[in-house]
Amino acid sequence: MKMQLSQQAAQLLGKNDLVIVVERVDDVALLIGQMVTMGFPAVLDRHIPRHWKQRGLSWGWTAVIWLAYILTEGDHRKVSVETYIKGMHHTLSRLTAQIIDPLDFSDDRLSHLLHHLSKKTSWHKIEYDLNARSIEVYALAQDVIRCDATTVSGDHEVAAGGLIQFGHSKDDATRPQLKVMMSALDPLGMPLSTDVLSGERADDGLYIPAIDRLRRGLHKSGLLFVGDGKMSALATRAHIAGHQHMYLSPLPLTGTTGEAMEAWITAGVAHRAAGRLERVFRTDDRGHEVLTAEGYEVERTCGAPEGSAAWTERVLVIRSPRHAQQQVAGLETRLSHAETTLAALTPPRGRGKRQITDEAALLEAIDTVLTAQRVHGLLRVAWEKQCEQKTQYVGRGRGAASREKRVIEKTRYHITHIARQADTIAGLTQRFGWKAFVTNAAPARRSLQAAVLCYRNEYRVERLFNRLKSRVHIAPLFVKRNEQLEGLTYLLTLGVRVLTVLEFVLRRSLEHEQATLPGLHPENKKKMAKQPTAERLLKAFAEVSLTIIQHAGGEEILRRLTPLSGIQEAILQRLGLGTNLYRQLEIQYMES
């Protein structure tokens, strides 16, 4: 924003034809500083080729500045970046120590950047180097890796051989989609690998390629891969075990597992009645220990496909009290709906009240209700046949003693009693809340309690997907060509990487010092944050502006930054960035 000073203000400053420029710095400096610490400019420049005739900003700095724009504005459209750069020229030039030209962020040049990122050979090297640097700089543990896939839907044209295809979707089945397979490092949830695939692909076959890439990149044995039921395919488990790694995932109730599950639950109910289940507790938000699960385990030998060596794995049969309560509540709702619907099948006689006059029709209606509510065998329904006889004269005219009469009989069936089968229901509810997990980790490495608590943190990879869709707004993707779709997806995952690392580093600092941060909750100013999110940290830097006073010819006289608050300084110090990251933007003196 530029404005001409009034004549009085110019005279007070002793200058004529002065211009004030105001740039909204906000969280841009923090984001760029964080990306520099994580090595983004150097790593991207190392693996994205630069033509010998290429002039202007390097690809690494182009990506960093574009990512800062995406994270602060929540907009990945290429068309709006050039205008933004024009309004942030002074801030970006000072933060990056680069010559910033808005033309470096034209639509064509950003498309070229996405083209380079879409090349898998370059992208894989970028991931390897960024992973190694983050693990080294932040001393991250390399024990648990979570793998999962998500879909990104949009109003795109579907073409043969394209990434955008129709497929199974949790978002919107009426829209075509592409699929994103990601692996994240526990506990921070930092993306380690990303694969962009066509939307019709099934998840089952995506795990082995992702795991192989991580094996080659991390160079460490004994990794624990955690995934959902689709990762528990026998071929995937055999592949992980064959390379001396471990897995943990739930078993889907398909094939022989469904039959075995009935026996496992029966044994679990008996163990529970005898008090032999191992109990798992965790501390809730109020500091209270609550029972989160209970279960037992059995060992079995698995034969690998294609004649590979067999291995031993543990089946953890776990009961979740909360899940059981939810299932009981669902059963109660279904029973109530069934009782109400059954009672309405045979209303009293009256105008507009349709009656059931055939027993076969009544039985079919009852079966339909019980099937729809999934309560077969849980309700006992009794009914009776009611017959009503009425005598009428045959033909028209007045009645007389000598006239012929006929008897009309009306039959209806009436449900007289609906009762719940208490014993059957009680036996069924004891089998609620059970689930089987499978792992080849030895009990010494991952006990039953540790395995349960580890899987319960699956939300960490889901948070990654949530940020991808809500913070950097990957859907809809405002590009069309396959290489642009792939490159932009990779770029946005780099943005998510920045947020997860930033959040983890600050939370670790607070935990280490047993400290809290005030002022991050505008709705409750007294609330102290123990585990602030990256989104709240960035929001704390709102309204930080850089004011520049310069001659009309462009020579700068003064730079003043909005004074940093105590909470802003504390965040910068805990992130290891320092307050000078912002204060370097200032010139504290006035030229005469």
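Refer to the structure above for everything that follows.
Residues numbered from 1 in each chain as written. Predicted model: local features only at pLDDT ≥ 70, side-chain atom pairs only at ≥ 80, totals over all residues. Heavy atoms only, no water.

### So, the overall build of the protein
Tallying secondary structure elements over the protein gives 20 helices and 17 strands in all. Computed over the C-alpha atoms, the radius of gyration of the protein is 34 Å, more than 25% above the 25 Å expected from 2.2 N^0.38 for a compact globule of 592 residues. If one aligns the C-alpha atoms of the protein with their principal axes, the spans along those axes are about 130 × 75 × 55 Å. Evaluated residue by residue, the protein yields a buried proportion of 49% over its 592 residues. Contacts spanning at least 24 positions in sequence make up 68% of the contacts within the protein whose residues lie at least 6 apart. Of the roughly 29,700 Å² that the protein leaves accessible, carbon and sulfur atoms contribute 50%. (Helix = DSSP H or I, 4+ residues; strand = E, 2+ residues; numbered from the N terminus. Rg over C-alpha atoms; globule rule 2.2 N^0.38 Å. Buried < 20%, exposed > 50% of the residue type's maximum accessible area, 1.4 Å probe, protein only. Contact = heavy atoms within 4.5 Å. Areas by Shrake-Rupley, 256 points an atom, 1.4 Å probe, with all protein chains shown as cover.)

### A few points about the sheet that holds strand E7 (residues 246-250)
With mixed pairing, the nine strands of this open sheet are ordered in space as E5-E4-E3-E6-E7-E13-E10-E9-E8. Each of the sheet's edge strands pairs with one partner strand only, and the pair in question is strand E5 (190-198) and strand E8 (278-283). The average undirected angle you get between the axes of adjacent strands in this sheet is 25°. Examined bridge by bridge, strand E10 (residues 311-319) and strand E13 (residues 434-439) share six bridges and lie antiparallel to one another. Within the sheet, the bridge partner assigned to arginine 319 lies in E13 and is tryptophan 434. Helix-sheet contacts for helix H16 (residues 459-470) involve strand E3 (144-153), strand E4 (177-185) and E5, and the interaxial angle to E3 is about 35°. (Pairing = 2+ DSSP bridges. Axes fitted to C-alpha atoms, helices over the stretch in contact; angles between N-to-C directions.)

### Digging into the environment of histidine 219
On the secondary structure map, histidine 219 appears in the loop between helix H9 (207-218) and strand E6 (224-226). The exposure class of histidine 219 is exposed, given its relative accessible area of 68%. A distance of 2.9 Å separates the side chain of histidine 219 from the backbone oxygen of arginine 216, its partner in a polar contact. (Polar contact = N/O pair within 3.5 Å; in protein donor to acceptor, adjacent residues only side chain to side chain.)

### Considerations on unusual backbone geometry
Omega for the bond connecting aspartate 186 with proline 187 falls within 30 degrees of zero, at 5°, which places this linkage in the cis form. Tracing the sequence through the fold places proline 187 in the loop between E4 and E5. With an omega of -5°, the peptide bond running from alanine 475 to proline 476 counts as cis. Considering the arrangement of structural elements, one finds proline 476 in the loop between H16 and helix H17 (482-513). One non-glycine residue, arginine 374, adopts positive backbone phi at about 55°. Note on arginine 374: relative accessible area 57%, which makes it exposed. Residue glutamate 543 is not a glycine yet carries a positive backbone phi of 70°.

### Considerations on the packing of aromatic side chains
For any pair of aromatic rings, geometry is given as the distance between the ring centres together with the angle between the planes. By the definition in use, this model includes four aromatic pairs. Arranged with centres 4.5 Å apart and planes meeting at 10°, the rings of tryptophan 123 and tyrosine 490 form a pair that is stacked. Of this pair, tryptophan 123 sits in helix H8 (residues 120-137) while tyrosine 490 sits in helix H17, and the two are 367 residues apart along the sequence. Taken individually, tryptophan 123 and tyrosine 490 each receive the classification buried, so the pair is uniform in this respect. Pairing phenylalanine 541 with tyrosine 582 gives two aromatic rings, centres 5.5 Å apart and planes at 20°, and the pair type is stacked. With phenylalanine 541 in the loop between helix H18 (534-539) and strand E16 (545-551) and tyrosine 582 in helix H20 (residues 580-583), this residue pair connects regions lying 41 residues apart in the sequence. (Phe/Tyr/Trp six-rings, centres within 6.5 Å; stacked < 30°, edge-to-face > 60°.)

### Notes on the pattern of salt bridges
Counted according to the given criterion, the structure contains 37 salt bridges. Residues arginine 146 and aspartate 186 are paired through a salt bridge, measuring 2.9 Å at the closest nitrogen-oxygen approach. Within this pair, whereas arginine 146 is found in strand E3, its partner aspartate 186 is found in the loop between E4 and E5, the two being separated by 40 residues in sequence. Side by side, arginine 146 and aspartate 186 carry an identical accessibility label, which is buried. Residue lysine 230 is joined to aspartate 203 by a salt bridge in which the shortest nitrogen-to-oxygen separation is 3.8 Å. (Salt bridge = Lys/Arg side-chain N within 4 Å of Asp/Glu carboxyl O.)

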